[in-house]
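For reference, the chains in residue letters:
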Amino acid sequence: MAIVDDIMVLSMMSIGLAFDLITMVVKDEIILKQRRYFKSGQTRDLEVRLDALRRLEIYLIEHQEELLGALDRDLGKPRVESYLSEYFFLLQEIKLVKASLKKWLKPRRVKNPIYFQPCKSMVALEPFGVILIISPWNYPIQLAISPMIAAIAAGNTVVLKPSELSSASEGFLKKLVEECFEPEQVAVVTGGVEVAEELLELRYDFIFYTGSTEVGRVVAGHAAKHLTPAVLELGGKCPCVVDRSANIDVAARRILSGKFFNAGQTCFAPDFVAVHRDVKDALVTACEAVLKDVPWDREMAQIINGHHYGRLQHLLSSAPSREIKQGADAATRHFMAPRLLPDTQWSDEVMKGEIFGPILPIVTFDDSEQLTEHLQSYESPLAYYIFAEDKQWVEKMSRSIASGGVCINDTMKQGSNLELPFGGVGDSGYGRYRGREGVLAMSYQRGIVQRSVRAPKFMDILPPYEKAYQWIKRMMG
Ligand code: NAD
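Let me sum up the structure you'll find in this document. (Residues numbered from 1 in each chain as written. Predicted model: local features only at pLDDT ≥ 70, side-chain atom pairs only at ≥ 80, totals over all residues. Heavy atoms only, no water.)

Some remarks on the overall build of the protein chain
Here's step 1: Across its full length, the protein chain holds 15 helices and 16 strands.
Here's step 2: Counting over 477 residues, the protein chain shows a buried share of 52%.
Here's step 3: A separation threshold of at least 6 residues defines the contact pool for the protein chain, and within that pool the share at least 24 residues apart is 72%.
Here's step 4: On the protein chain, roughly 22700 Å² of surface is accessible, and the fraction owed to carbon and sulfur atoms is 56%. (Helix = DSSP H or I, 4+ residues; strand = E, 2+ residues; numbered from the N terminus. Buried < 20%, exposed > 50% of the residue type's maximum accessible area, 1.4 Å probe, protein only. Contact = heavy atoms within 4.5 Å. Areas by Shrake-Rupley, 256 points an atom, 1.4 Å probe, with all protein chains shown as cover.)

Structure, rendered in structure tokens:
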């Protein structure tokens, strides 16, 4: 009987292995097809790129309701949040890229050394080839399509692997890609971590990854194997500091608006607030008033799944601070009421990792030196928020730490302006994208020199060298 069981297990294992092998071959096949298509030169044609962007734009417009519905099913996002941060944001980016791409792609003329003359030198943007995009669940459609827009505009092909955790959006993206593109231009591969790992075993010309810092390190390791360039858009703990000189009522509204958008599941949301001791009570009172005044319990997204809901509840149970909360949690639908933790200490557990949920710890500081010391003890974040009207204080604090972006007297605006590069530094990642920056990120700059055949013959450096050497020394000084 034991032998029969062993045979059964072995044959199951070999079926599993064969299945793995087949899926691997299928993925490899997609990349081969895309590489062949890329090498045919078709993606270099401006019209091909614009045409792909137009198809994407039309699809989004015609499927707006489906898109909003998918986000509602995955995260219970309020419609206005989905509309602004996913649908409208993407349409704006497509519009900008379509209108500017020809200008951005125009080779940039640069000066020439006198001894190259007559000659023309320029810098041209060249596509990399096949790009792997791995996206997360928190803005599941925006963070899959925004890098795709850049990749297509830059003349690449794309293999997209959306997050498996936001399954309705994953389904939407699969349908979108299959209906808008031929697989040699854009393909989608769905599945979980094991699928992402298999995909990363293969060779690409560029990798664009958005997600946690921990997984970012794994992705960087795979990229290094083939010396593949990459952009890593990662997470972190984004501080929000409030000075004595700040307009407290404005600060309260804007901090809470950024923190509770998408229930705090935004990579560049303010993670915690550090407020000057003199204005702490005023800020807590103002935040409490905003919290009580706004119907967050009816109009806030839910937590993506039970795992993250449990993680956040566990974090709360370890927090010694009293809490000020509005509404009630609803475990069955992973809804977590927004709350402030106004008596948090810098050493509390909630001040250690990225929160990524609707919990706002508030800590205090006495002077900018003490605050700087605390801020510098964290890894570099994606965003940094400063509320103050004292210009010198703003200047001083903005230089106190490195961060991907800074926003003064508001939250999140630096991540929503397509004219600004978006990305992290240190543990929050490397590389930039959005609008023109995205096209730059997914291209490499090729230096081109075109010399005239009528340039003087003596500039062609050939042995015997002595005469040329004397002449060059005289000319160059
Ligand atoms: P995640 O890292 O768990 O997953 C992101 C993607 O990576 C998914 O598609 C997933 O399938 C894949 N993945 C997971 N484990 C993998 C592995 N071992 N190997 C290869 N691929 C793997 O991240 P998440 O939980 O989806 O997203 C939350 C994190 O992402 C937060 O830290 C947040 O700050 C960060 N984030 C950053 C940005 C940014 O623009 N910088 C944007 C959104 C989210």
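Once the structure has been displayed, the description carries forward.
Quick look at the site of the ligand
Here's step 1: In the vicinity of the ligand there are 27 residues, among which Ser135, Glu164, Tyr209, Leu234 and Glu354 approach most closely.
Here's step 2: In this structure, glutamate 164 approaches the ligand through a side-chain N or O atom, which is 2.7 Å from an oxygen atom.
Here's step 3: Contact between the ligand and serine 212: an oxygen atom at 3.0 Å from a main-chain N or O atom of the residue.
Here's step 4: Of all the secondary structure elements, the ones that give two or more residues to the shell around the ligand are α7 (193–201) and β6 (206–210).
Here's step 5: Ranked by residue count, the leading element in the shell around the ligand is α7, at four residues.
Here's step 6: In terms of residue class, the shell around the ligand is built from 15 nonpolar, seven polar and five charged.
Here's step 7: When residues of the shell around the ligand are assigned to domains, at least three map to each of domain 1 (24–234 + 432–445) and domain 2 (239–423). (Near = heavy atom within 4 Å. Polar contact = N/O pair within 3.5 Å; in protein donor to acceptor, adjacent residues only side chain to side chain. Nonpolar A, V, L, I, M, F, W, Y, C, P; charged D, E, K, R; others polar. Domains from an automatic or database assignment.)

A look at the packing of helix α2 (residues 46–62) against helix α4 (residues 79–105)
Here's step 1: Two elements in contact, α2 and α4, have axes whose closest approach is 10 Å; the angle formed by their N-to-C orientations is 165°. As far as their axial angle goes, α4 and α2 are roughly antiparallel. Crossing handedness for the pair α2 and α4: left-handed. In contact with Leu46, Arg49, Leu50, Leu53, Arg54, Leu56, Glu57, Leu60 and Ile61 of α2, α4 contributes Tyr87, Leu90, Leu91, Ile94, Val97, Lys98, Leu101, Lys102 and Leu105.
Here's step 2: The class makeup of the residues in the contact of α2 with α4 is 13 nonpolar, no polar and five charged. (Axes fitted to C-alpha atoms, helices over the stretch in contact; angles between N-to-C directions. Parallel < 35°, antiparallel > 145°, perpendicular 65-115°, else oblique. Left-handed = near helix turned anticlockwise from the far one by under 90°.)

Quick notes on the sheet that holds β6
Here's step 1: Reading across from one edge, β5-β4-β3-β6-β7-β15 is the order of the six strands in this open sheet, with mixed pairing throughout. The open sheet has two free edges, formed respectively by β5 (186–188) and β15 (429–430), since each of these has just one partner strand.
Here's step 2: When strand β3 (residues 130–134) meets β6, the two strands line up parallel, connected through four bridges. Looking at the pairing, leucine 132 lines up with isoleucine 207 of β6. (Pairing = 2+ DSSP bridges.)

Points about the environment of histidine 222
Here's step 1: In this structure, histidine 222 sits in helix α8 (residues 213–225).
Here's step 2: What makes histidine 222 buried here is its relative accessible area of 13%.
Here's step 3: A sequence separation of 146 residues divides histidine 222 from serine 368, and the C-alpha atoms of the two residues are 41 Å apart.
Here's step 4: Setting aside residues no more than four positions away along its own chain, histidine 222 makes contact with Leu200 and Glu201.
Here's step 5: A distance of 3.4 Å separates a polar atom in the side chain of histidine 222 from the backbone oxygen of leucine 200.

Some details on the nonpolar core
Here's step 1: Core analysis: the largest hydrophobic core is formed by 121 residues, its most contacted members being Leu60, Leu176, Phe181 and Leu256.
Here's step 2: Among the elements that make up this core, the one with the highest residue count is α4 (10 residues).
Here's step 3: In this view, leucine 60 contacts Leu67, Tyr87, Leu90, Leu91, Ile94, Ile145, Phe172 and Leu176; residues no more than four positions away in its chain are not counted.
Here's step 4: Counting residues in each nonpolar core, the second largest holds 20 residues, with Val159, Val189, Leu199 and Val219 among its members. (Core = buried A, V, L, I, M, F, W, Y, C linked by side-chain atoms within 4.5 Å.)

Remarks on unusual backbone geometry
Here's step 1: At the junction of glutamine 117 and proline 118, the peptide bond is cis and its omega measures out at -10° in the coordinates.
Here's step 2: One can find proline 118 in the loop between β1 (108–110) and β2 (119–127).
Here's step 3: Omega for the peptide link from proline 463 to proline 464 comes to 0°, which places this bond in the cis form.
Here's step 4: With respect to the helices and strands, the residue proline 464 is situated in the loop between β16 (443–451) and α15 (465–476).
Here's step 5: Positive phi, close to 55°, is recorded for histidine 334, a residue that is not glycine.
Here's step 6: Within the secondary structure, histidine 334 sits in the loop between β10 (324–325) and β11 (339–341).
Here's step 7: Despite not being glycine, arginine 434 shows a phi value in the positive range, around 100°.
Here's step 8: With respect to the helices and strands, arginine 434 occurs in the loop between β15 and α14 (435–441).
Here's step 9: Residue arginine 434 is classed as buried on the basis of its relative accessible area of 4%.

Topic: the pattern of salt bridges
Here's step 1: One pass over the full model with this rule turns up 25 salt bridges.
Here's step 2: The partner of arginine 54 in a salt bridge is glutamate 47, with the nearest N and O atoms 3.4 Å apart.
Here's step 3: Judged by its relative accessible area of 32%, arginine 54 falls in the partly exposed class.
Here's step 4: Glutamate 47 sits in the partly exposed class, given a relative accessible area of 44%.
Here's step 5: Of the charged contacts in the structure, one is a salt bridge between lysine 396 and glutamate 369, with a shortest N-O distance of 2.9 Å. With lysine 396 in helix α13 (residues 391–398) and glutamate 369 in helix α12 (residues 368–376), this residue pair connects regions lying 27 residues apart in the sequence.
Here's step 6: Classification of lysine 396 as partly exposed rests on a relative accessible area of 39%. (Salt bridge = Lys/Arg side-chain N within 4 Å of Asp/Glu carboxyl O.)

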